[in-house]
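These are the residues of each chain, in order.
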Amino acid sequence: MIGALRAGLPVVLPFDTVYGLAAEPHDEESTRRLYELKGRPPTQPTALVAAGVDDLRALLPELDTSRAWHLLPGPLTLVVPNPAHRFRWLTGTNPDALGIRVPNLPGTTREIVASVGAVVATSANLPGGPDPRRFEDVPEEIRAGAAAAVD
């Protein structure tokens, strides 16, 4: 799983609310692979997800004084300023803002995300499809196209 992420390949993981499709966020190509597998247009933004607030602070040091940090961890996505235009390929059409999450991750997912530092993640469904609350709800084409999956 960790090897697949480091190789820039998408994986399926259980997140706090639904199963998610995740990839390594530092390389634009890995995010492009995730978008292609999901069938998502690159103009839509996608969140940067970390296992801990300190991990996000390290990735976005210009936001270290932000008041938003006290809201995390939690089951929400914060849209924060992105003055350094980091992770442009995650911002959709607005490079001035970035979605960030530090959800209460299940054990295995937490260990995986902590091992790689952060992931780009979106729900593991096709556009407009139902949220995959169980592994069986993840569309077969997404499971088959992912390099690895945690059930």
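It should be noted that the structure appears before, not after, this text.
Residues numbered from 1 in each chain as written. Predicted model: local features only at pLDDT ≥ 70, side-chain atom pairs only at ≥ 80, totals over all residues. Heavy atoms only, no water.

A complete count under the given rule lists two aromatic pairs for this structure. Residues Phe87 and Trp89 carry aromatic rings whose centres are separated by 6.5 Å and whose planes lie at 75° to one another, so their mutual orientation is edge-to-face. Lying over the aromatic face of Tyr35, Arg40 brings its terminal NZ or CZ to 5.7 Å of the ring centre. The cationic tip of Arg143 hangs over the ring face of Phe135; the distance from NZ or CZ to the ring centre is 5.3 Å. (Phe/Tyr/Trp six-rings, centres within 6.5 Å; stacked < 30°, edge-to-face > 60°. Lys NZ or Arg CZ within 6 Å of the ring centre and 35° of its normal.)

Moving on to the pairing of strand β2 (residues 19-23). One face of the sheet, then the other: side chains in a regular strand alternate in exactly this way. Across the five residues of β2, five count as buried, placing the element largely inside the fold. Residue alternation in β2 divides its side chains into two sets, Tyr19, Leu21 and Ala23 and Gly20 and Ala22, and both sets are buried. Here strand β1 (residues 11-14) pairs with β2 via four bridges, running antiparallel. Its bridge partner being in β2, Val12 is matched across the sheet by Leu21. Between β1 and β2, which pair antiparallel in sequence order, lie four residues. (Buried < 20%, exposed > 50% of the residue type's maximum accessible area, 1.4 Å probe, protein only. Helix = DSSP H or I, 4+ residues; strand = E, 2+ residues; numbered from the N terminus. Pairing = 2+ DSSP bridges.)

The buried fraction of strand β6 (residues 119-123) amounts to five of the five residues, a majority that puts the element mostly inside the structure. Pairing of β2 with β6, which is carried by four bridges, proceeds in the antiparallel orientation. Considered in β6, the bridge of Leu21 is made with Thr122. Where strand β3 (residues 47-49) meets β6, three bridges bridge the pair, whose relative direction is antiparallel. Across the sheet, the residue bridging to Ala47 is Ala121, located in β6.

Just distances and angles here, no functional claims.
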